[in-house]
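Here's the letter readout for the chains.
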Amino acid sequence: YTMGTGARRLGARGGVDEPDEAVAGLVPRAVRALFQQAAKDAGASYELGLSYVQLYHERFQDLLNPAETVLPLHDSGDRVFVENLSEHRVASAADALSLVRAGNENRRTAATRMNAVSSRSHLILIITVRRSPGAGAGLAGADGPSLEPATV
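Below or above, wherever it landed, is the structure these notes cover. (Residues numbered from 1 in each chain as written. Predicted model: local features only at pLDDT ≥ 70, side-chain atom pairs only at ≥ 80, totals over all residues. Heavy atoms only, no water.)

### Considerations on helix 1 (residues 26-40)
Here is step 1 of the chain: Taking 1.5 Å per residue as the helical rise, helix 1 with its 15 residues ought to reach 21 Å, and the 21 Å between its terminal C-alpha atoms agrees with that figure.
Here is step 2 of the chain: Turning to helix 1, its buried residues number three or more, namely Val-27, Pro-28, Val-31, Phe-35 and Ala-38. End-on view of helix 1: buried residues confined to an arc of 105 degrees, all on one side of the axis. Counted as exposed and oriented over 90 degrees from the buried face of helix 1: Leu-26 and Lys-40. (Helix = DSSP H or I, 4+ residues; strand = E, 2+ residues; numbered from the N terminus. Expected span 1.5 Å × (residues − 1). Buried < 20%, exposed > 50% of the residue type's maximum accessible area, 1.4 Å probe, protein only. Arc of directions from axis to C-beta.)

### Thoughts on the pairing of strand 2 (residues 59-62)
Here is step 1 of the chain: Here strand 1 (residues 44-56) runs beside strand 2; their pairing, made up of four bridges, is antiparallel. The residue of strand 2 that forms the bridge with Gln-54 is Gln-61.
Here is step 2 of the chain: The turn linking strand 1 back onto strand 2 is made up of two residues, and His-57 within it adopts a positive phi angle of 55 degrees. (Pairing = 2+ DSSP bridges.)

### Here we look at helix 2 (residues 93-105)
Here is step 1 of the chain: For helix 2, with 13 residues, the first-to-last C-alpha span of 19 Å sits near the 18 Å given by 1.5 Å per residue.
Here is step 2 of the chain: Ala-93, Ala-96, Leu-97, Leu-99, Val-100, Gly-103 and Asn-104 are the residues of helix 2 that are buried. In an axial view of helix 2, the angular spread of the buried residues amounts to 155 degrees, which keeps them on one side of the axis. Seen from the buried face of helix 2, the exposed residues on the opposite side, beyond 90 degrees, are Ala-94 and Glu-105.
Here is step 3 of the chain: In this fold, the buried residues of helix 2 make contact with helix 1, strand 1, strand 5 (88-90) and strand 6 (122-133). (Contact = heavy atoms within 4.5 Å.)

### Description of the pattern of salt bridges
Here is step 1 of the chain: Taken as a whole, this structure holds four salt bridges when the rule is applied.
Here is step 2 of the chain: The partner of Arg-130 in a salt bridge is Glu-47, with the nearest N and O atoms 3.6 Å apart. Of this pair, Arg-130 sits in strand 6 while Glu-47 sits in strand 1; the two residues are 83 residues apart in sequence, bridging distant segments of the chain.
Here is step 3 of the chain: Under the relative-accessibility criterion, Glu-47 is labelled buried at 8%.
Here is step 4 of the chain: Here Glu-87 makes a salt bridge to Arg-130, at a shortest N to O gap of 2.7 Å. Separated by 43 residues along the polypeptide, Glu-87 in the loop between strand 4 (80-82) and strand 5 and Arg-130 in strand 6 bring together distant segments of the chain.
Here is step 5 of the chain: Sharing partners across several salt bridges, the network here consists of Glu-47, Glu-87, Arg-89 and Arg-130. (Salt bridge = Lys/Arg side-chain N within 4 Å of Asp/Glu carboxyl O.)

What follows is the structure, encoded as structure tokens:
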């Protein structure tokens, strides 16, 4: 799945809404695979969170909370993070892809000589997986427990 403009054109194949798994892009396949694997793990409970950020003209913008116009980047020594970036709990692949679709609508675009709706930006999709061993099986729903991040 390219985040470029090709996937946004009407009728383009390989975007978030592609039903044919053979031509579906990386993001939809990865999201579906994460949920399938979590559902198979009978020895643990999972919670998945999704964040979506755009880097445009050296500024970070939360695509799932566009009211936050510019978010600062911080380096705490052990990790780098975008301050105030929203994280949305997702209970299914459909929920996650719905958020990606909504975030895509908030992207900035500008015309170039080669492309009328060029993004001129970079996107980062962050999927946080929290695993709680022995807490039950499968996925925590939208009202499930808050879990500690897993060490990978």
